[in-house]
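Breakdown of the fold
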Amino acid sequence: MAVVRLDEIVARLGGRLIGDASKTVRQVATLERAGPDAISFLANSKYQDKLVATRAGAVILSDDSAGACPVACIVSDEPYLYFARVAQWLNPDKPPAPGIHPSASVESRIPDSASVGAGVRIGPDATIGARSRIGPGCVIGNGVILGDDALLHANVTIYDRCRIGARAIIHSGAVIGADGFGFAREQDGAWVKIPQVGGVTIGDDVEIGANSTIDRGALDDTVIEDGVKLDNQIQVGHNVRIGAHSALAGCVGIAGSARIGKRCTVGGGAVILGHLSIADDVNISAATLVSKSIHMAGTYSGALPSQEHAAWLRNFSHLRHLDSMADRIRSLEAQLARLAGTQSANTNDGEIKP
Amino acid sequence: MAVVRLDEIVARLGGRLIGDASKTVRQVATLERAGPDAISFLANSKYQDKLVATRAGAVILSDDSAGACPVACIVSDEPYLYFARVAQWLNPDKPPAPGIHPSASVESRIPDSASVGAGVRIGPDATIGARSRIGPGCVIGNGVILGDDALLHANVTIYDRCRIGARAIIHSGAVIGADGFGFAREQDGAWVKIPQVGGVTIGDDVEIGANSTIDRGALDDTVIEDGVKLDNQIQVGHNVRIGAHSALAGCVGIAGSARIGKRCTVGGGAVILGHLSIADDVNISAATLVSKSIHMAGTYSGALPSQEHAAWLRNFSHLRHLDSMADRIRSLEAQLARLAGTQSANTNDGEIKP
Amino acid sequence: MAVVRLDEIVARLGGRLIGDASKTVRQVATLERAGPDAISFLANSKYQDKLVATRAGAVILSDDSAGACPVACIVSDEPYLYFARVAQWLNPDKPPAPGIHPSASVESRIPDSASVGAGVRIGPDATIGARSRIGPGCVIGNGVILGDDALLHANVTIYDRCRIGARAIIHSGAVIGADGFGFAREQDGAWVKIPQVGGVTIGDDVEIGANSTIDRGALDDTVIEDGVKLDNQIQVGHNVRIGAHSALAGCVGIAGSARIGKRCTVGGGAVILGHLSIADDVNISAATLVSKSIHMAGTYSGALPSQEHAAWLRNFSHLRHLDSMADRIRSLEAQLARLAGTQSANTNDGEIKP
């Protein structure tokens, strides 16, 4: 763990320092838990009461909160982003010593700067990047390309011929390049497998969460562009393309050949159907089903409000009858129009028009 | 497999025995499949026809079903719970012989009573509990604490510094302690990773299903309290807390910093958003999205009824127009009130009020 | 990769060849990407513009598209199924050399024709089929039966005593036979585990996707019949039965004891509750919750249309008030009927009936 002076932080990362410039911090912490050797942050003014009570050594915050801060602070226009950089500084990567564990089974050349953990299996013709780290139990197929400084945590599986960019972080249990779900159907209902001859191409600076799966393409590749961040248990079907710097929360499922734009965000548990396109800068809310293409940037939602069970029973039973409810409204409108016409005739001139 | 006399069962577990006390049973089975050496149970009176036809050696049931039982029976107020205890008795754990498989790569002290399977990797500074069993292919990070009598099935991954209580059962493919999904965003849309410096703390008697994932905390720990049961493919985000004895069914997703109370149940496929609280003794129905805090015990639902596709098309198209439907109802009410006022004026005293 | 003449293809697979019978192809490709040594297909006439522009060596298509094809073509009534067979021909399996990797830990007899990868663990009393291939890092429990020609990709886990049929394909991270989620509850809310003494029985020609999980039965077996295809991240609860040739897309969850018929299809992200039955030849749409048995073949849906967020807020707020909306419609109808009666009385004969 690093020990850093506040004036060193400001010298490197900018911002305005208020308080003792020589104070040192060693770790990041929440406002509640931080002690005098920790630096915290306030990114949302609704937690201002926690700021007032903090015992942190210093706090990163925005200008309008600085007055309320009882300790040293660094003022930034983007305190959360600033905090991210400080947290990275105080928690530098601790790469294992380079080298290949004797229990690994490796059939490709490994750079001296890389580390390969216990029980790892690497097939022939793979290209392993400089300083890459491959955790225990990983299996890397034939002809895989793994970029420089990639970090594979334990028990990751990468099928043959997938390509992964520089600085990738892939968490345990992720599976890259399994067969896409492609079958043709025979007359009797049986399925004939379509060989999945495409691959997976993953750009630079991509992070993939634990137990996420990215299938290889049927004919062309499945593509994850630079800077994409995938949370845990995400399923990416064959021939999907995810645009640069999009971020998807846990348990999202994306069906085959969907195209997601750049800088999109997708909330947890959302389902995106296949063969559709989502524009750049689209935000999908959690648990939303996207069943049609989205052509304009913006936020899209579709999930239901939950309710106390008895109210839900009362309300949602009507969902099965919305069409007849609409019919009844239309009928009421027609009747009322007729009646109002009659009435109006009646009240205006006493003359009856049927 | 044990062989047990019915009177031994009643002597240890209570209940009232009707029939041959010296009869022995060796296994549990369903009412349909049980033969004379098996003991079955009836917990739901709607299966009473199966009771009448059973060839089981004995049946565990409630008082009101005893009369219909054609074989020996044990009467209990809670037949399902009683059955669980008998099933445990007849199916005792068969721990493998203690010891460390020669292919394991272990850098921490392992108690003599523990067993470590083939290809296991245990990092330095880990504390492994007495009689714990670590299945083949598991990877246990540096400084992990694993409680006494813990059972890790094959291919479990536990990241550095996570703590797991006594008698834990963790199924294959589960990943404990991967990084939470935390990023700050730059102006251009790129993401800066926030180091996840918290850990995971799991209490005693917790069971975690296959391929479930529990992320480490961003600053503080993610916490799973005593007696929690998680089914397969559950995603638990960073800094979530799940209260004691809560049980979550398969495919549930819980976003970061959500707090779930004690003794809650969550149905399969439910999604719980982040930074909210759920009270103790709350039951969430399957496939429900919880998007706001729930402050009162009770059952909460939100999923849709499915329908034959054509009916669904007719009914659900109106969901996009509910607001205008509501407007039309309001307008109808207003028109009708006006008309009724008019009419009432008209019919009561013949005088017109516009 | 094979090199095949077009007349060889037609001789083996049927169909009508138009163009140079001696032309050879080496690979399958999309209409856009195919070069002169590749064969492509057109299964959907909406992509006819791509056909016109293709540089493929040959195209498989239906009769009504043949006229527009600028290159050689094979006419078939079922071009996609035909393409599947050609793709299999051009991409034959490349089984690894038989044999057991020296780092594997095997306690059962392995046929000479089988291959066992690095770091594999196979327990005692297992039966391993001829020509089966077990990828690196797989763990196969005691007494497992694995059929002939089965293919287990890397890091698959199969618990004790599960049975898997011939020609199975199981993708990485899949877990077969973990404990079902079965607990009885004590008065104080604590859970007592019910030993899961059933197994898993999987038929022939089944494919199971990456990170899918199939739990063992509580008392009887969980059963997957012949020819079933499961995509990635599917959860199958204990004692589920899935009928022959059903196909389930990614992220589907099936709760315990559900029975799914033959030749069903289930869309991605659907949730099927427990203890219900689905008839043969039922299609469930993506993201649909099935909460009741379905007795008739057909398509069933239940997911919501997503909307631009502001529209969603306006429309979906009414879902909490559908019951009162229905009451208001009923009340309007009653008022209108009363009023119309009055009015009709009024306008017909001038006499007032209150």
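Overview of the overall build of chain A
Looking only at helices and strands, chain A has five helices and 39 strands in total. The C-alpha atoms of chain A give a radius of gyration of 29 Å, which is well past the 20 Å a tight globule of 354 residues would have. Dimensions along the principal axes, computed over C-alpha positions, put chain A at roughly 100 × 70 × 35 Å. Buried positions account for 54% of the 354 residues belonging to chain A. Considering only intrachain contacts with a sequence separation of at least 6, the fraction spanning at least 24 residues in chain A is 20%.

Some points on the interface of chain B and chain C
Of the residues lining the interface, 65 residues belong to chain B; the matching set on chain C comes to 64 residues. At the level of secondary structure, the elements contributing two or more residues to the side of chain B that touches chain C comprise helix H4 (79-90), strand S39 (307-308), helix H5 (309-316) and helix H6 (322-349) of chain B. Top contributing element to the side of chain B that touches chain C by residue count: H6 of chain B, with eleven residues.

What to know about the sheet that holds strand S29 (residues 241-242) of chain B
All names here are of chain B. As summarised here, the arrangement of the eight strands in space is S12-S15-S18-S23-S26-S29-S32-S35, forming an open sheet in which the pairing is parallel. Single-partner strands in this sheet number two, and they are strand S12 (127-128) and strand S35 (277-278). As paired elements, S29 and strand S32 (residues 259-260) share two bridges and run parallel to each other. Its bridge partner lying in S32, Arg241 is registered against Arg259.

Examining the domain arrangement of chain A
Domain annotation of chain A identifies domain 1 (4-90) and domain 2 (309-349). Look at where the C-alpha atoms of domain 1 of chain A and domain 2 of chain A centre, and you get two points 60 Å apart.

Looking at the relation of the copies chain B and chain A
Placing chain B over chain A gives an RMSD of 0.0 Å and needs a rotation angle of 120°, together with 0.0 Å of translation along the axis. Expressed as an axis order, the relation between the two copies is that of a three-fold axis.

Topic: the nonpolar core
Counting 240 residues, the largest nonpolar core has Ala270 and Val290 of chain A, Ala270 of chain B together with Ala270 of chain C as the members making the most contacts within it. Other than its neighbours up to four places away in sequence, Ala270 of chain C contacts Val252, Ile284, Ala286, Ala287, Thr288 and Val290 of chain C.

Details of helix H3 (residues 79-90) of chain A
Compared with the 16 Å implied by 1.5 Å per residue over twelve residues, the 16 Å span of H3 of chain A between its first and last C-alpha is a close match. Buried within H3 of chain A are the following residues: Pro79, Leu81, Tyr82, Phe83, Ala84, Val86, Ala87 and Leu90 of chain A.

Focus: the interface of chain B and chain A
Every contact between the two is made by 63 residues of chain B and, on the other side, 65 residues of chain A. Mapped by element, the contributors of at least two residues to the side of chain B that touches chain A are strand S21 (183-185), strand S22 (191-193), strand S37 (289-290), strand S38 (298-301), H5 and H6 of chain B. With ten residues, the top contributor of residues to the side of chain B that touches chain A is H6 of chain B. Partitioned by chemical class, the residues of the side of chain B that touches chain A number 27 nonpolar, 28 polar and eight charged.

Quick word on the sheet that holds strand S31 (residues 253-254) of chain A
Strand order across the open sheet formed by ten strands is S9-S11-S14-S17-S20-S25-S28-S31-S34-S37 (chain A), with parallel pairing between neighbours. Among the strands making up the open sheet, the edge pair consists of strand S9 (105-106) and strand S37 (289-290) of chain A.

What about helix H4 (residues 309-316) of chain C?
All names here are of chain C. Among the residues of H4, Trp312, Asn315 and Phe316 are the ones counted as buried. Along H4, the residues classed as buried sweep out an arc of 80° about the axis, all on the same side. Relative to its buried face, H4 has exposed residues pointing more than 90 degrees away, namely Ala310 and Leu313.

As for the confidence of the model for chain A
Residue and element names in this part refer to chain A. Taken over all residues, the pLDDT of chain A has a mean of 94, while the share at 70 or more is 96%. Below pLDDT 50 for its whole length, residues 347-354 participates in ten contacts with residues either more than four positions away or in separate chains. Under the prediction, the complex receives an ipTM of 0.94, its pTM being 0.95.

Overview of the environment of Ile202 of chain C
Residues and elements named next belong to chain C. Among the secondary structure elements, Ile202 is positioned in strand S23 (residues 200-202). Remark: the alpha-carbon pair of Ile202 and Asp226, spanning 24 residues in sequence, is separated by 7.3 Å. Residues in contact with Ile202, not counting those within four places in the same chain, are Arg163, Ile164, Gly165, Ala168 and Ile224.

Section: the environment of Glu333 of chain A
Along the chain, Glu333 of chain A turns up in helix H5 (residues 322-349). Exposure remark for Glu333 of chain A: the 16 C-beta atoms within 10 Å place this residue in the partly exposed category. Separated by 180 residues in sequence, Glu333 of chain A and His153 of chain A have C-alpha atoms that sit 64 Å apart. Ignoring any residue separated from it by four or fewer positions in sequence, one finds Glu333 of chain A in contact with Arg328 and Leu332 of chain B.

Each value, and the rule that gives it
Residues numbered from 1 in each chain as written. Chains lettered and ligands numbered in written order. Predicted model: local features only at pLDDT ≥ 70, side-chain atom pairs only at ≥ 80, totals over all residues. Helix = DSSP H or I, 4+ residues; strand = E, 2+ residues; numbered from the N terminus. Rg over C-alpha atoms; globule rule 2.2 N^0.38 Å. Buried ≥ 20, exposed ≤ 12 C-beta atoms within 10 Å, placed from the backbone. Contact = placed C-beta atoms within 7 Å. Pairing = 2+ DSSP bridges. Domains from an automatic or database assignment. Least-squares fit on C-alpha atoms with pLDDT ≥ 70 in both. Core = buried A, V, L, I, M, F, W, Y, C linked by C-beta atoms within 7 Å. Expected span 1.5 Å × (residues − 1). Nonpolar A, V, L, I, M, F, W, Y, C, P; charged D, E, K, R; others polar. Arc of directions from axis to C-beta. pLDDT = per-residue confidence, 0-100.

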